Structure formats: C-alpha cells, structure tokens
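# Structural characterization, general
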Amino acid sequence: MPRIDFNRDWACRTKVTAFQELGGGAASDWEPVTLPHDAVISQPRRPTLEHGETTGWYPGGAFEYRKTLAVDEADRGDRFFLEFDGVYRDAMVYVNGALAGRHAYGYSRFVVRIDPFLSFGSDNEIRVECRAHQDSRWYSGAGIHRDVHLITKSPGHIAVDGVAVTTPDIDGQRAVVAAAVEVVNGNPTTTTFTLTAVLEDAHGAEVASDRAPVTVFPGERATVRPRLYVPEPALWSVDSPSLYSLRLELCDGDEVVDEERTTFGIRSLRVDPQHGLRINGEVVKLRGACIHADNGPLGAAAIGRAEERRVERLKEAGFNAIRSAHNPISSAMLEACDRLGMLVMDETFDMWTSGKSDFDPAFQFEDWWERDVEAMVAKDINHPSVVFYSIGNEIPEAGSPFGAVWGRRLAEKVRSLDGTRLVTNGINPFVGILDVVLPHMRQQREAAESGGGVNTMMADFGQMMGKIQTSQPATERTEESFAVLDVAGMNYADARYEPDRELFPNRVIVGSETWPAQIPGNWALVMAHPHVIGDFTWTGWDYLGESGIGVVRYAAGEDGRKLRGFSGGHPDLTAGTGDIDITGHRLPVSYFREVVFGLRSQPYAVVGRPENLDREIAVATPWAWTDGIASWTWEGSEGAPVAVEVYSAADEVELLLDGESVGRSAVGADKPFRADFRTTYRPGELTAVSYAGGVETGRCTLSTAGDDLVLTAVADRAELSADTRDLAFVDLVLTDGNGRVHNGRDRSVTVTVDGSGVLQALGNGNPVNPEAFTEDNHRTFDGRALAVVRPTGPGDIALNAKAEGCDPVTVTLRAR
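Keep in mind that this is a model prediction, so the values were computed, not measured.

## Regarding the overall build of the protein chain
Across its full length, the protein chain carries 11 helices and 47 strands. The C-alpha atoms of the protein chain give 28 Å as radius of gyration, which agrees with the globular expectation for 816 residues (28 Å, within 12%). With respect to the principal axes defined by its C-alpha atoms, the protein chain has extents near 90 × 65 × 55 Å. Accessible area for the protein chain stands at about 31700 Å²; split by element, carbon and sulfur atoms hold 48% of it. Each charge class in the protein chain can be summarised by its mean position, and for the 79 positive and 119 negative side chains these summaries are 2 Å apart.

## Regarding the confidence of the model for the protein chain
Overall, the prediction assigns the protein chain a mean pLDDT of 95, with 96% of residues at 70 or greater. Looking over the protein chain, one finds the lowest element-wise mean pLDDT in helix H7 (residues 434–469), namely 68, and the highest in strand S24 (residues 343–347), namely 99.

## Re the sheet that holds strand S28 (residues 509–514)
One closed barrel accounts for eight strands, arranged S22-S23-S24-S25-S26-S27-S28-S29; its pairing is parallel. Between one strand and the next, the sheet's axes are offset by a mean angle of 25°, whatever the strand orientation.

## Section: the nonpolar core
Grouped together as the largest cluster of nonpolar side chains are 138 residues, with contacts concentrated most on Tyr65, Phe84, Ile114 and Leu286. Ignoring sequence-local partners within four residues, the contact set of Ile114 consists of Leu69, Phe80, Phe81, Leu82, Val95, Ala100, Ile126 and Leu150. Ranked by size, the runner-up nonpolar core spans 26 residues in total, among them Val177, Ala222, Leu250 and Ile266.

## Some words on the environment of Val749
Here Val749 shows up in strand S42 (residues 748–755). Looking at Val749, the relative accessible area reads 0%, which means it is buried. C-alpha separation for the pair Val749 and Lys802, spaced 53 residues apart in sequence, amounts to 5.6 Å.

## Quick word on the pairing of strand S37 (residues 685–692)
Here S37 lies mainly inside the structure; six of its eight residues are buried. Judged from the six bridges that link them, strand S34 (residues 652–657) and S37 form a sheet pairing that is antiparallel. Of the residues in S37, the one forming a bridge with Leu656 is Thr687.

## Observations regarding helix H8 (residues 472–483)
Here H8 spans 16 Å end to end across 12 residues, near enough to the 16 Å set by a 1.5 Å rise per residue. Here H8 has its buried residues at Ala474, Thr475, Thr478, Ser481 and Phe482. Along the axis of H8, the buried positions cluster into a sector of 135°, meaning they face one direction only. Away from its buried face, by an angle of more than 90 degrees, H8 presents the exposed residues Gln472 and Ala483.

## As for the sheet that holds strand S44 (residues 777–779)
One open sheet accounts for five strands, arranged S40-S47-S46-S42-S44; its pairing is mixed. Since the sheet does not close on itself, it has two edges, and those belong to strand S40 (719–720) and S44, each with one partner. In the sheet, S42 pairs with strand S46 (residues 795–803) via seven bridges, with the strands oriented antiparallel. Looking at S46, one finds that Val753 is bridged to Leu799.

## Here we look at the pattern of salt bridges
Evaluated as defined, the whole model comprises 60 salt bridges. Measuring nitrogen to oxygen at the nearest pair gives 2.5 Å for the salt bridge that ties Asp572 to Arg553. On the criterion of sequence distance, the pair formed by Asp572 in the loop between strand S30 (553–554) and helix H11 (588–596) and Arg553 in strand S30 is long-range, its members being 19 residues apart. We classify Asp572 as buried; its relative accessible area is 0%. One salt bridge in this structure joins Asp614 and Arg678, with 2.8 Å as the shortest N-O distance. Remark: Arg678 occurs in strand S36 (residues 674–680) and Asp614 occurs in the loop between strand S31 (604–607) and strand S32 (617–619); sequence separation between them is 64 residues. The exposure class of Asp614 is exposed, given its relative accessible area of 60%. On the basis of relative accessible area, Arg678 is assigned to the exposed category, the value being 51%. Each of Arg305, Glu308, Glu312, Arg339, Asp716, Arg717 and Asp726 takes part in one network of salt bridges that share partners.

## Digging into unusual backbone geometry
For the peptide bond that leads from Leu35 to Pro36, omega is -10°, which places it in the cis range. Structurally, the position occupied by Pro36 is in the loop between strand S3 (31–33) and strand S4 (61–71). Going from His570 to Pro571, the amide bond is cis rather than trans, its omega being 10°. Inspection of the secondary structure puts Pro571 in the loop between S30 and H11.

## Points about the side chain of Ser136
Inspection of the secondary structure puts Ser136 in the loop between strand S9 (122–132) and strand S10 (148–153). Engagement of the side chain of Ser136 in a polar contact is seen with the backbone oxygen of Trp138, the distance being 2.9 Å. Look past the residues within four positions of Ser136 in its chain and what remains in contact with it is Thr54, Tyr88 and Ser357.

## Some points on the side chain of Asp38
Within the secondary structure layout, Asp38 lies in the loop between S3 and S4. Among the polar contacts listed, one links the side chain of Asp38 to the side chain of Tyr139, at a separation of 2.4 Å. A polar contact is formed between the side chain of Asp38 and the backbone nitrogen of Ala142, at a distance of 3.1 Å. Contact partners of Asp38, with chain neighbours within four places excluded, come to Tyr139, Gly141, Ala142, Leu298, Gly299, Ala300 and Ala301.

## Remarks on the packing of aromatic side chains
Remark: the centre distance and the inter-plane angle together describe each pair of aromatic rings, the angle taken between the planes. A complete count under the given rule lists 26 aromatic pairs for this structure. Geometrically, the ring pair formed by Tyr492 and Trp623 is edge-to-face, given 6.1 Å between the ring centres and 85° between the ring planes. With a gap of 131 residues between them, Tyr492 in the loop between strand S27 (488–491) and helix H9 (497–503) and Trp623 in the loop between S32 and strand S33 (641–647) connect regions that are remote in the sequence. Neither Tyr492 nor Trp623 differs from the other in exposure class; each is buried. A connected cluster of aromatic rings, assembled from ring pairs, spans Tyr88, Tyr105, Tyr107, Phe349, Trp352, Phe365, Trp369 and Trp406.

## A closer look at the packing of helix H10 (residues 519–528) against H11
Where H10 contacts H11, the two axes come as close as 10 Å, and the packing angle between them is 30°. Between H10 and H11, the interaxial angle falls into the category roughly parallel. In this structure, H10 crosses over H11, and the sense of that crossing is right-handed. Two secondary-structure elements touch here, H10 through Ile519, Pro520 and Trp523 and H11 through Phe592, Arg593 and Val596.

## A word on the environment of Gly805
Residue position: Gly805 is located in the loop between S46 and strand S47 (809–815). In this structure Gly805 comes out as exposed when scored by relative accessible area, which is 67%. As a C-alpha pair, Gly805 and Leu711 span 94 residues in sequence and 9.1 Å in three-dimensional space. Those residues in contact with Gly805 that lie beyond four places of it in its chain are Leu709 and Arg747.

## Observations regarding the pairing of strand S17 (residues 244–252)
Of the strand pairs in this sheet, strand S13 (residues 191–200) and S17 are connected by seven bridges, and their pairing is antiparallel. In the strand pairing of S17, Thr196 is matched with Glu249. Pairing between S17 and strand S18 (residues 255–264): nine bridges, direction antiparallel. Along S18, the bridge assignment pairs Arg247 with Arg261. Taking the residues between adjacent antiparallel strands as the criterion, S17 and S18 are bridged by two residues, where Gly253 takes a positive phi near 65°.

## Some remarks on H11
Helical geometry: 3.6 residues make up each α-helical turn, so side chains three or four residues apart lie on a common side. For H11, the buried fraction is high: nine of the nine residues fall into the buried class. For H11, every residue scored as buried is listed here: Pro588, Val589, Ser590, Tyr591, Phe592, Arg593, Glu594, Val595 and Val596. Where H11 is buried, its residues contact helix H2 (304–316), H10, strand S29 (532–537), S31 and S33. Where H11 ends, the next residue or the one after it, Gly598, has phi of about 80°, a positive value.

What counts, and where the lines are drawn
Starting afresh in each chain, residues are numbered from 1 along the sequence in its written order. Confidence filtering applies because this is a predicted model: local features only for residues at pLDDT of at least 70, side-chain atom pairs given and counted only at 80 or more, and all residues used for totals across whole chains, interfaces and linings. Here the side-chain values reflect all heavy atoms present in the structure, with hydrogen atoms and water set aside. Only DSSP runs of H or I covering at least 4 residues are called helices, and only runs of E covering at least 2 are called strands; the numbering of each starts at the N terminus. Taken over C-alpha atoms, the radius of gyration is set against a globule rule of 2.2 Å times the number of residues to the power 0.38. Surface accessibility in these figures is a Shrake-Rupley result with a 1.4 Å probe; residues are shielded only by whichever protein chains are displayed. Here the positive residues are Lys and Arg and the negative ones are Asp and Glu; neither His nor the chain ends is included. Lysine's charge is taken at NZ, arginine's at CZ, aspartate's at CG and glutamate's at CD. Summary of the metric used: pLDDT quantifies the predictor's per-residue confidence within the range 0 to 100. For two strands to be treated as a pair, DSSP must find at least two bridges joining them. Only the stretch in contact is used when fitting a helix axis, every axis being a line fitted to C-alpha atoms; angles between N-to-C directions are given from 0 to 180 degrees. In this description, a nonpolar core means a group of buried Ala, Val, Leu, Ile, Met, Phe, Trp, Tyr and Cys residues linked to one another through side-chain atoms lying within 4.5 Å. Think of it in three bands: residues with accessible area under 20% of the maximum for their type are buried, residues over 50% are exposed, and the middle band is partly exposed, with areas taken using a 1.4 Å probe on protein chains only. We call two residues in contact when some of their heavy atoms are within 4.5 Å. What a helix is expected to span follows from its residue count: subtract one and scale by 1.5 Å. Note that the arc is defined by the directions from the helix axis to the C-beta atoms. Only one rule defines a salt bridge in this text: a Lys or Arg side-chain nitrogen within 4 Å of an Asp or Glu carboxyl oxygen. Between N or O atoms, a polar contact is any pair within 3.5 Å; within protein, one atom must be a potential hydrogen donor and the other a potential acceptor, and residues adjacent in sequence are included only when both atoms are from side chains. Each aromatic pair joins two rings of Phe, Tyr and Trp (for Trp, the six-membered one) with centres within 6.5 Å, and gets the label stacked for planes under 30 degrees apart, edge-to-face for over 60, and tilted for any other angle. Reported orientations rely on four angle classes, namely roughly parallel under 35 degrees, roughly antiparallel over 145, roughly perpendicular from 65 to 115, and oblique for the rest. Helix crossings fall into two classes, left-handed where the near helix is turned counterclockwise from the far one by less than a right angle and right-handed where it is turned clockwise.

Set out below in structure tokens:
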C-alpha cells in the first residue's frame, strides 16, 4: 500500500504556548519549510552562551512544525501511520490537537498511528513539537531533521517494519534467502491471506519466488517465513555492492490488500582472533572513519543527497567503513552505504545512566533504551552495509560491575532482535576508571596553570594514556564489559592491542576511535595482528560543535580570546578535526592516511603557512594536524622561509623548485611516511619526486597561481531529481583561470538562485568562522566556498555568483 514522501508543505516556528501568549509572549511567525529541516542552523549564534563551545555557539530552543493532511471519506477504515526517521528531540506528535505519539530520543526512527485522530472527508492538522537545550556534547540541531513518510494500510496488511531478510547459508552455487514477514489482521473475522514473495536481482529480473497461505485471527498477528534459493548469487561487498529486492504481495482472496518491497544484499560475516573479520570468506581490514550526524552548512538536516555525497567522498578518500558517532545513523545514509559499498558500525548511545551534559537523555535512558534498540535494529536489519551494532560510546559505567550488567542487557537485547551481526561498544578504559584518573589530572591541570602550559599537559597526558589503558585497574574493571561483546571496541586504547593477545586470547579488537596522527602505528598493528580488525579515526569528516578541539593555536599574535577547554571561544565553529572539512574538501591528513593505507603511490606535498613558521604553538591537541595546505601560492611571502612536508611510502623524496633540486630527504627520518624540507618561497613550480630503491615511483607538482582572479563555480551534477531528497553542491573557487587556486585572496561571494530551486546553504571550511550559513553571501576560506541548491520542483535552476574583482559566473541546473 502507499508509502509516500511527507516532507513538503510544512511550516516551522519557535514554540510559544497558549499560556505564554496570554501572558504577553509574542508568537513567532510560521516559516514554510521542506523536510528534512534543522530549526537551529538559522538561529543567531550567541558568543555568551553557556557551554557554547559544545554546539558551536548555537542556542537550543523549543520548536513546532505543522502541516495539513486532507483525507478522503472513502479512506475511512484504513490505517494511517507517520514514520519519522528522526526528530531532535522529545518529539510530541499531535493530530487535530490530540497527542497521537511521542518519542524522546532524537535519532531513533519511530512510527505513530494517526487514523484514530483523523477527520475523514476534511483537512487535518499535523503538529510536531520538539526541543534542544544543553543536551549534547556537540552540535545536535533540532527539529524534524530526517525524512518523514505517510504510510497507508488496509485492515489486513504487512506490519510496518514487519519484514526482515537474512541470508543464513551461502556457497558458490546458491544462497538461501530467509524472510520473516509479519502479517496483521485488523478485520473483524478470521482471515486466510496469501503471501507471494518474488526475489529480483539488480536489473529487475526474477530469480526466485514463493507463495504461502496464512490464517490470522481477528486482531492478531502471524509470521510467514518464505525461504528462497538464489542460484549463483551476486554477493554484496565493499568492492561489489550487489543488491537484490524482495517484492511481497498480500492478498485476501483475489484482492491485493498490501504490497512491500525491501532491498537487501547477500553476504556472509564471520570473525575470530585467528583470521579477523571475513566478509564472504575474504579477510577485510576496516579503514574506518568516525562521523557525526550533521551536514556542515546544512546543519543537522539529513537530506538524502547530502548523506550520499558524504559516503562518496569518504570512499574516494580510502575509507571502507564508517562509525555513526554517537547515535543511530539515518536511513538515507544507510541506503547510500548499501549502494556504494561502505561498511557501517551503527551506534546507539553516547550515555547510559551517567550523564555527560546538563540535560542529556541519561535521565530517560532506563525508560526508553529498549525501544531505541528495537528501533535501530528494525531500521538496520535489511541493510547489508551494517556489520556492527555498537551499544555505546565511552560509557563511564563500563568500568564497574553495574555498568557491565547494563552492557549485557543491551548486547542480549540486540542479539534477540538480530543474531546475524556483531555487537561492539566503544569502551575507553581510561574513562572507565575516571575515579582513579581524575585526581592525577587535576594535578596536571594545576601544573599547566602554574607555567607548564596546555601543550605540556597534553604531552604528559599522551604519554600517560598508554600506561593508564594497560594498567591493572583498567584491565580488571573493564574485563566484564568487554566480555559481553563479540568485538571489543577500544577508544584510544591501542596500547592494549598487543598485550591483550596474551591476556585475552579469544578477544577480537577494533580501534573504534583513534587519534589521527597515530594512524601509522595503529595501521601497522592492524596489519600485523589478525585479532585487530581495523581502525576508526576521529574523525573522517569535520563537524559542528566541540569547537576547536583540533585547531592549532599559536602563542604570538593570538587575538586574546580565552580558551574554554580546547576551544578558543566564539567564533570557533567546528571541531577542526577531520580528514574532510565540512564542505567536503579533502584536507592534507586525508592524503597522508591514503599513503599509510597503501592506496596512494604518488607523493603528496603540503606547504606550511609562511606566517606561522617557527611560531610557538600554544595548543595542539592529539586531534590536531598541521595547518599547511597543498599550495605554492603565497603572495607577500616572496623570499620568506617555508616548510614543506611530503607524504610518501617510498624510501626518499627529492624536492625540486623550477627543476632545480632543493635537496633529498629520507622518508621516515623524523616522522613515518613523511619527508621534511625547508626552502625559500619564490613563485614558480614546486615538485616532489619519490624514489624506492633509487627508482622514481611518483611525483606531484604545485604551481603558483597567475595574476588573474577568476571566480569559478562547478556543480557536482547538472541533472537533479525534483524531490525532497536531492541537492546540488556547487564548489565556488577563486582561481587564476587555469585551475590554480588563489588561497590568499579570500573575499565575500554573493549567491542568488533563480528558477525551480532555492539556496539551501552557503559556507566554507574554516573552523573559526563568525558567518551564518543561511545568508546569501559568505567569505571564502583558502580560496574556497560551497553553495548548496535545493530543487523546489521540476524546471531550470540558475545559480549566480559574484565576488569583488571577479566576473560573475552562472551555473545552470535542471530538476526533473
């Protein structure tokens, strides 16, 4: 039966209750919006906001949405459901003023039955309330930030989320596809239905079918289990993400009363400490990226194309797995991972019973955790990309017997719902023994304040971390929490990888969260030890909030802002840590990681910003990378010394400037996979040549941009779908007209959109940025900005961009 997009024609406003209005509180105006939507991203940032560094200085608030639904009189007797893929948070759904349903957690998919509250033959008001307030350690946004669907069913129907497909038996000749289909009889009499199951390949060709009667008493449910056999199956994998569809038809006599179509993949999954992780019998090492839920300039809105683009970019950068830190991933991103071949570790919670923020969901955990686990598994179970369920992240309770009890409850709940995937938990043994560690850290902080400085504290902390992670208290107090898992997720605990092989010979480990600069050592451990199956860096994609944890800060010339933890205060915006910035632009650390993974044979050259050479670093956390970029255009720095770092897996690198040798440097002499040089900047052509065994293995060249300044605008696609899930991402870059970027001539770019589309967002990748993403002008950063266009219907769309000193440029798109 119909399952339709319910994202259009909503309105949103800041919530004001009737009692507040009576007391003189002014109601804000309703603004038309299309879902998915983030109600916070358009709010002004507040420099004085308490704990503002956690959200990028965006405030929270209470918000409400409304939409009109017309229902025909002829539909009386049908079942109507609203499926919300995520509402942040404390969602309350009203139909014609009556509470129809609610859900506390901001990232769970939930379904609300609404037909008992509908007026048939007339219009009905759907209203959704939600809120956010100091309840997250990073930017959460607020609102109906994921897709909504309206589902209509006959009294006799296939249950919503009532189809689960598994592939329990696979060999080279055939695969067994076992489905479990829940049939609901809402009729007043006992009914014998007929369920037909047809299996189709990626081209729509039928490969297997089954048919079975099912008798169901009135008001009851029954499970039908079609078992189909696929000859010579096309297996789903990262490199070959083959998909199948299961088409279901439920009949009452000759009448078709319901239809469903479920996409799935055929693949096997095994893990053990001798072989590690095997998918379809082949060993897979996880090249993982932790990612947060936000989409940068779009805020928390999980619009389908934005989710797909992130998966595309991450895979292009060499990742084969993502971890949804620290909440269940959107359905839109799961669909992209299935299509594109990206493994997923889907995570439930950032906290259980011990809160991490003033108003976070810890208070609601005991009442809601089972429903949230059920929602995650129901969402994930038919997605072949999902290989792990993570039951938590850095849960303080994990270092106690009581926390282990909760861990066992969650793990067993997951297994009761889906026994085909692996259960893990991002355990940080350091966090598990905070009661022991915190007194020592207070001493460190006092020492830093008395003259040692933050960097000294961080250096000492880094040296201390390994000792803490492998200490006897950490080992003993986390043993039970690790024991309830299929795979031991370890956050920043690489020091445990080797000793745990002897201490716990049956333990399989995944580095569920690691520091970016430690990838050479971590990856060597992954490749050397079968029981260590992968590494997930923090992070693959920069994100809003936790402002400044990866920003390099210099002592001389600072602007006087007081540090708040790792944040420099407003206008810090993003964490400043990630292989890819919030606009989707790959940063130098991404290419370094690609070299370490063995996926890049060409060297990659990065030049430090001349103005920062030899400056004293005030703060550089373990999440930081150098702030250089791949550019040889440094206007105003002619004759100044510069540092050049070249990433390579070769033996040595030679640096050439206009064909003349600057020198040779051994790779790894000071830092793994890196050769370092000092030279003097002059415009021209800088080339890095890598050698192994005296033979050239690759080269890369950076050329100085010419004098011309040209604003270029390039869209990721010219053809769009005129639906609520598509977007066009337009890169706005200041160049010399020949593709060389002017990273030192930043200026404001003004963008307008005409035709069948709107400017959804405009921004740059600067982690310290005072500008809003919802205005029509934004300054470039290192010569780059990003415009996001959303179609409003079929037709032509024109994006027009202009900047001072540049000819205007137009990009034409077509929405079909």
